[in-house]
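Residue-level structural notes
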Amino acid sequence: MKFAVVVFPGSNCDKDLYFAIKDGINEEVELVNFQETSLSGFDAVLIPGGFSYGDYLRSGAIAGHAPIIPAIKQMAAEGKPVLGICNGFQILTEIGLLPGALIKNNHNRFICETVSLQVINNQTQFTSEYSANQVIDIPVAHGEGNYYCDEQTLNELKQNDQIAFKYQSDINGSVDQIAGITNKEKNVLGMMPHPERALETLVGSDDGLKMFQSILKNHMDRVNQ
Amino acid sequence: MTLVKVYVTYKKSILDPQGEAVKKAVHGMGFNDVQDIRMGKYFEITVDGDSPTVKEDIEKICDDLLANPNMETYRYEFVQSEEV
């Protein structure tokens, strides 16, 4: 399976994701510059965390107009896995692949710690290796991770099983303690926590590994069908 | 040339922690009559005012980039060229 990791000016988790694929699940991976216009030949695209364009204007807003964006939208439309982590989640909401927005943490502080998440939907290609309602420990590091959407959107998220992860406690003011959501088709996932920073018990938790293993397993199942 | 002033503000339903922090500092300065402070963004855009699509263009720029309709609203005003 071949993964693309998109690199924007100001991305800073791109190499973590690169090594999550290369060493975590031993698959093919390439860093792709934001000025590229094609993702042909890739089976999945990963949008890393960081501070693209210094978070100028709004986090993810300027990256949302980069030359690579139409290719990401095309991958999503083709049903291929698109995963946005932290700033990547912010970018996915800005370009309309996911509903809602990420606003400033309600307590006005940057949070950098390992938090407990509950897997709300383990029936997606990103989460199938987790058990239903499993609680996992994954680091967060964000100042603007407060997920906001209106009530109607929240109802739709619930009805369509689009909520993938919830925080076990209210860490930033997010609506319904949402930590990660998918699109209706379940092939686009955005989440604030960083699974790529939780691949080895040596660094505190290896609970993130199953996400990458899920993506790989579901891809191989599709290929072998 | 025409100057366009664009104001982007949070919708009323959106919490504004930065505005809250500024309000606390203002209260600390002794201005206890201040009830609320909301922060927003202000843009000055200079355009060729003769373009027939200038109004449409500004709205497209606001809708697609300057404001996020999920959480923000915007308004704009044109300042005549002699005032620029």
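Here, the structure is the one placed above.
Not measured: the values here are computed from a predicted model. (Residues numbered from 1 in each chain as written. Chains lettered and ligands numbered in written order. Predicted model: local features only at pLDDT ≥ 70, side-chain atom pairs only at ≥ 80, totals over all residues. Heavy atoms only, no water.)

Right, let's get into the pairing of strand S9 (residues 163-167) of chain A. Moving residue by residue along a regular strand, the side chains alternate between the two faces of the sheet. Residue and element names in this part refer to chain A. S9 sits mainly inside the fold: four of its five residues count as buried. Sheet topology places strand S6 (residues 111-119) next to S9; three bridges connect them, and they run antiparallel. Within the sheet, the bridge partner assigned to Val 119 lies in S9 and is Phe 165. As defined by bridge partners, S9 adjoins strand S10 (residues 178-182) across three bridges and the pair is classed as antiparallel. Along S10, the bridge assignment pairs Ile 163 with Ile 181. (Buried < 20%, exposed > 50% of the residue type's maximum accessible area, 1.4 Å probe, protein only. Helix = DSSP H or I, 4+ residues; strand = E, 2+ residues; numbered from the N terminus. Pairing = 2+ DSSP bridges.)

On to unusual backbone geometry, then. Residues and elements named next belong to chain A. Of note, Asn 26 is a non-glycine position whose phi angle comes to about 55 degrees, a positive value. By the secondary structure assignment, Asn 26 is in the loop between helix H1 (14-24) and strand S2 (28-33). Of note, Asp 161 is a non-glycine position whose phi angle comes to about 55 degrees, a positive value. Tracing the backbone through its elements, the reader meets Asp 161 in the loop between helix H4 (151-159) and S9.

This next bit is on the sheet that holds strand S11 (residues 188-191) of chain A. Strand-to-strand pairing in sheets goes through backbone hydrogen bonds, with the strands running parallel or antiparallel. Residue and element names in this part refer to chain A. With respect to topology, nine strands assemble into an open sheet ordered S2-S1-S3-S4-S11-S10-S9-S6-S7, the strand pairing being mixed. This sheet does not close on itself; its edge strands, each paired only once, are S2 and strand S7 (135-142). Ignoring which end each strand starts from, the neighbouring axes of this sheet average 25 degrees apart. Inspection of the sheet shows strand S3 (residues 44-47) paired to strand S4 (residues 82-85) by three bridges, in the parallel sense. Each residue of the ladder has a partner; that of Val 45, found in S4, is Val 82. Against the sheet, helix H5 (residues 209-223) contacts strand S1 (2-7), S4, S9 and S11, and its axis sits at roughly 165 degrees relative to S4. (Axes fitted to C-alpha atoms, helices over the stretch in contact; angles between N-to-C directions. Contact = heavy atoms within 4.5 Å.)

Our focus in this paragraph is the pattern of salt bridges. Following the criterion strictly, the structure yields twelve salt bridges over all chains and no others. Two residues, Lys104(A) and Glu144(A), come together in a salt bridge whose shortest N-O distance is 3.0 Å. Of this pair, Lys104(A) sits in the loop between strand S5 (101-103) and S6 while Glu144(A) sits in the loop between S7 and strand S8 (146-148), placing them 40 residues apart in sequence. Glu144(A) gets classed as buried once you look at its relative accessible area, which sits at 19%. Glu77(B) is paired through a salt bridge with Arg75(B); the nearest N and O atoms lie 3.7 Å apart. (Salt bridge = Lys/Arg side-chain N within 4 Å of Asp/Glu carboxyl O.)

Residues and elements named next belong to chain A. Relative to the elements of secondary structure, Ala 132 occurs in the loop between S6 and S7. With a relative accessible area of 53%, Ala 132 lands in the exposed category. Contacts of Ala 132, omitting those with residues within four sequence positions, involve Val 119 and Asn 122.

Let's shift gears to the nonpolar core. A general feature of soluble globular proteins is that nonpolar side chains tend to end up buried together. Core analysis: the biggest nonpolar cluster contains 77 residues, and Phe8(A), Leu39(A), Ile68(A), Ile72(A), Leu83(A) and Phe165(A) have the highest contact counts within it. Those residues in contact with Ile68(A), other than ones at most four positions away along the chain, are Val6(A), Phe8(A), Val32(A), Asn33(A), Phe34(A), Glu36(A), Thr37(A), Ser38(A) and Leu39(A). Leu57(A), Ile45(B), Val47(B) and Val54(B) belong to the second largest nonpolar core, which has 13 residues in total. (Core = buried A, V, L, I, M, F, W, Y, C linked by side-chain atoms within 4.5 Å.)

Here we come to the interface of chain A and chain B. Between chain A and chain B, the residue contacts involve 13 residues of the former and 16 residues of the latter. At the boundary of chain A with chain B, total buried surface from both sides reaches about 1,300 Å², with 62% on carbon and sulfur atoms. The tally of links from chain A across to chain B stands at one salt bridge. In this structure, Glu72(B) engages Arg58(A) in a salt bridge whose closest nitrogen and oxygen atoms are separated by 3.5 Å. Linking chain A with chain B are nine residue pairs in polar contact (both at pLDDT 80 or more), by the criterion used here. Considered class by class, the residues forming the side of chain A that touches chain B number five nonpolar, five polar and three charged. (Buried area = accessible area lost by both parts, 1.4 Å probe. Polar contact = N/O pair within 3.5 Å; in protein donor to acceptor, adjacent residues only side chain to side chain. Nonpolar A, V, L, I, M, F, W, Y, C, P; charged D, E, K, R; others polar.)

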